[in-house]
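Here is what each chain is made of, one letter per residue.
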Amino acid sequence: MNIKQTIIAFAFAAVALPLSAFAGGSAHLQSANIDLHDKDSLQRGAKYYINYCMACHSLKFSRYNRMAEDLGLTEDEVKENLIFTRDPKKDKPTKIGSLMENALDHESAAKWFGTPPPDLSLVGRSRGADWIYTYLNSFYKDDSRPFGVNNTVFPNVGMPHVLMGLQGLQKLEEEPATEGESKEGHHAAPKFVMERTGVMTEDDYREVTRDLTNFLTYVSEPAQLHRKTYGVFVMIFLAIFFVFAYLLKKEYWKDVH
Ligand code: HEC
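Residues numbered from 1 in each chain as written. Predicted model: local features only at pLDDT ≥ 70, side-chain atom pairs only at ≥ 80, totals over all residues. Heavy atoms only, no water.

(A) Region of interest: the coordination of the iron atom of the ligand. Every protein donor of the iron atom of the ligand is accounted for by His 57 (NE2) and Met 159 (SD), and the metal-donor separations fall at 2.0 to 2.1 Å. For the iron atom of the ligand, the six donor atoms in the first shell make angles of 87 to 178° at the metal, a pattern classed as octahedral. Of the two residues, His 57 is situated in the loop between α2 (39–52) and β1 (59–63) and Met 159 in the loop between β6 (149–151) and α8 (164–167); the sequence distance between them amounts to 102 residues. (Donors = N, O, S within 2.8 Å, 3.2 Å for Na, K, Ca; no water. Tetrahedral: all angles 85-135°; square planar, octahedral: opposite > 155°, others 65-115°. Helix = DSSP H or I, 4+ residues; strand = E, 2+ residues; numbered from the N terminus.)

As structure tokens, this is what we get:
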């Protein structure tokens, strides 16, 4: 193989490997379509997270004040609306500079749920946005499970459907196909029908889960909010640098020809 062939082979591998891993995934994922620059969505996501998830899932690598800054909230807004925990040692409300931890007793939690609820600081990276979004939309009625629900992307999950009041409870109409799979290994999307409605319309519930997914994606890599701007500066720098490099090259080589 010459150099050119080697480079082409590498480029192919770089594209094909992740694609094949993706196609081989076991569940049909819906596209979360999140927007990390949508501050309103991130703020709503933070609010839902703290109200519905934080009691079980800490975010132990995030601090409230950093979140406030990134999401465009004032410290007072965060103190008044988003900090519900107390510092057990000082018996005072948790400070704005504290890590986003909860008071969950992991041993009892492991007994209640079969497994303790994991910290979700990194779930945006380990699972990805589409997985989280699909997961939050894929709880369905299953009387054989301890909390009466199961999940198509996380079979036999230990988590109750904590957003059932909002979404309602759906039934799985068709099992996701495991046999008749297409050649690429994609599974058919499961079909749900709503059995008991919640207080939200289907669209509003999807917005809630999109905001939650957006927030968890931000949490897993807060620098993402800034990195895109650096990217633009780097491109501009490279463009200018290229011009000088080119002129310099012409200067060096002008006597050679
Ligand atoms: C009552 C406790 C409880 C609450 C509240 C709760 N969860 Fe969970 N969650 C769990 C448990 C327990 C698991 C572990 C399930 C397992 O491993 O079987 C889990 C697992 C997860 C996972 C999968 C983690 C992984 O990668 O394996 C995600 C994502 C998740 N929860 C998101 C949420 C979100 C978002 C909310 C708020 C809307 C929430 N949870 C509220 C108990 C809870």
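(B) Region of interest: the packing of aromatic side chains. The tally for this structure, following the rule as stated, stands at 11 aromatic pairs. With centroids separated by 5.6 Å and ring planes inclined at 45°, the aromatic side chains of Tyr 49 and Phe 215 adopt a geometry described as tilted. Of the two residues, Tyr 49 is situated in helix α2 and Phe 215 in helix α9 (residues 202–220); the sequence distance between them amounts to 166 residues. With respect to class, Tyr 49 is no different from Phe 215; both count as buried. On the basis of an interplanar angle of 35° and a centroid distance of 6.3 Å, the ring pair of Tyr 140 and Phe 192 is categorised as tilted. One end of the pair, Tyr 140, is in strand β5 (residues 139–141); the other, Phe 192, is in strand β8 (residues 191–197), and 52 residues separate them in sequence. A residue is classified by how much of its surface remains accessible, and Tyr 140, at 12% relative accessible area, is buried. (Phe/Tyr/Trp six-rings, centres within 6.5 Å; stacked < 30°, edge-to-face > 60°. Buried < 20%, exposed > 50% of the residue type's maximum accessible area, 1.4 Å probe, protein only.)

(C) Quick peek at the site of the ligand. Within the structure, the ligand sits among 22 residues, and Cys 53, Cys 56, His 57, Gly 158 and Met 159 are positioned closest to it. In the environment of the ligand, an oxygen atom lies 2.8 Å from a nitrogen or oxygen atom belonging to the side chain of Arg 127. Take Gly 158: an N or O atom from its main chain is 2.8 Å from an oxygen atom of the ligand. Considering each element in turn, the shell around the ligand owes the most residues, three residues, to helix α7 (residues 129–136). (Near = heavy atom within 4 Å. Polar contact = N/O pair within 3.5 Å; in protein donor to acceptor, adjacent residues only side chain to side chain.)

(D) Layout of the packing of α7 against α9. Packing of α7 against α9 brings their axes to within 9 Å, and their N-to-C directions diverge by 145°. Once α7 is placed against α9, the crossing between them reads as right-handed. Each of Ala 129, Ile 132, Tyr 133 and Leu 136 in α7 lies in contact with α9, whose residues at this interface are Tyr 205, Arg 206, Thr 209, Arg 210, Leu 212, Thr 213, Leu 216 and Thr 217. (Axes fitted to C-alpha atoms, helices over the stretch in contact; angles between N-to-C directions. Left-handed = near helix turned anticlockwise from the far one by under 90°. Contact = heavy atoms within 4.5 Å.)

(E) Broad picture of the packing of α2 against helix α3 (residues 64–71). At their nearest, the axes of α2 and α3 sit 10 Å apart, and the two run at 150° to each other. The orientation of α2 with respect to α3, classified from their angle, is roughly antiparallel. Of the residues in α3, those in contact with Lys 39, Leu 42, Gln 43, Ala 46 and Ile 50 of α2 are Tyr 64, Met 67, Asp 70 and Leu 71. Here the residues of the contact of α2 with α3 sort into six nonpolar, one polar and two charged. (Parallel < 35°, antiparallel > 145°, perpendicular 65-115°, else oblique. Nonpolar A, V, L, I, M, F, W, Y, C, P; charged D, E, K, R; others polar.)

(F) Up close: the nonpolar core. In this structure, Tyr 49, Tyr 64, Met 67, Val 78, Phe 215 and Tyr 218 are the most contacted members of the largest nonpolar core, which totals 41 residues. Those elements that place two or more of their residues in this core are α2, α3, α7 and α9. Beyond its immediate chain neighbours, meaning those up to four positions away, Tyr 218 contacts Leu 36, Leu 42, Arg 66, Met 67, Asp 70, Leu 71, Gln 224 and Leu 225. (Core = buried A, V, L, I, M, F, W, Y, C linked by side-chain atoms within 4.5 Å.)

(G) Expanded view of α7. Among the eight residues of α7, seven are classified as buried, and the element is accordingly described as predominantly covered. Listed as buried for α7 are Ala 129, Trp 131, Ile 132, Tyr 133, Thr 134, Tyr 135 and Leu 136. Packing partners of the buried residues in α7 comprise α6 (123–126), β5, β6 and α9.

(H) Inspection of the side chain of Ser 138 at higher detail. Along the chain, Ser 138 turns up in the loop between α7 and β5. Looking at Ser 138, the relative accessible area reads 1%, which means it is buried. At 2.6 Å, the side chain of Ser 138 and the backbone oxygen of Thr 134 are in polar contact. Residues in contact with Ser 138, not counting those within four places in the same chain, are Asn 150, Asn 151, Thr 152, Val 153, Gln 170 and Phe 192.

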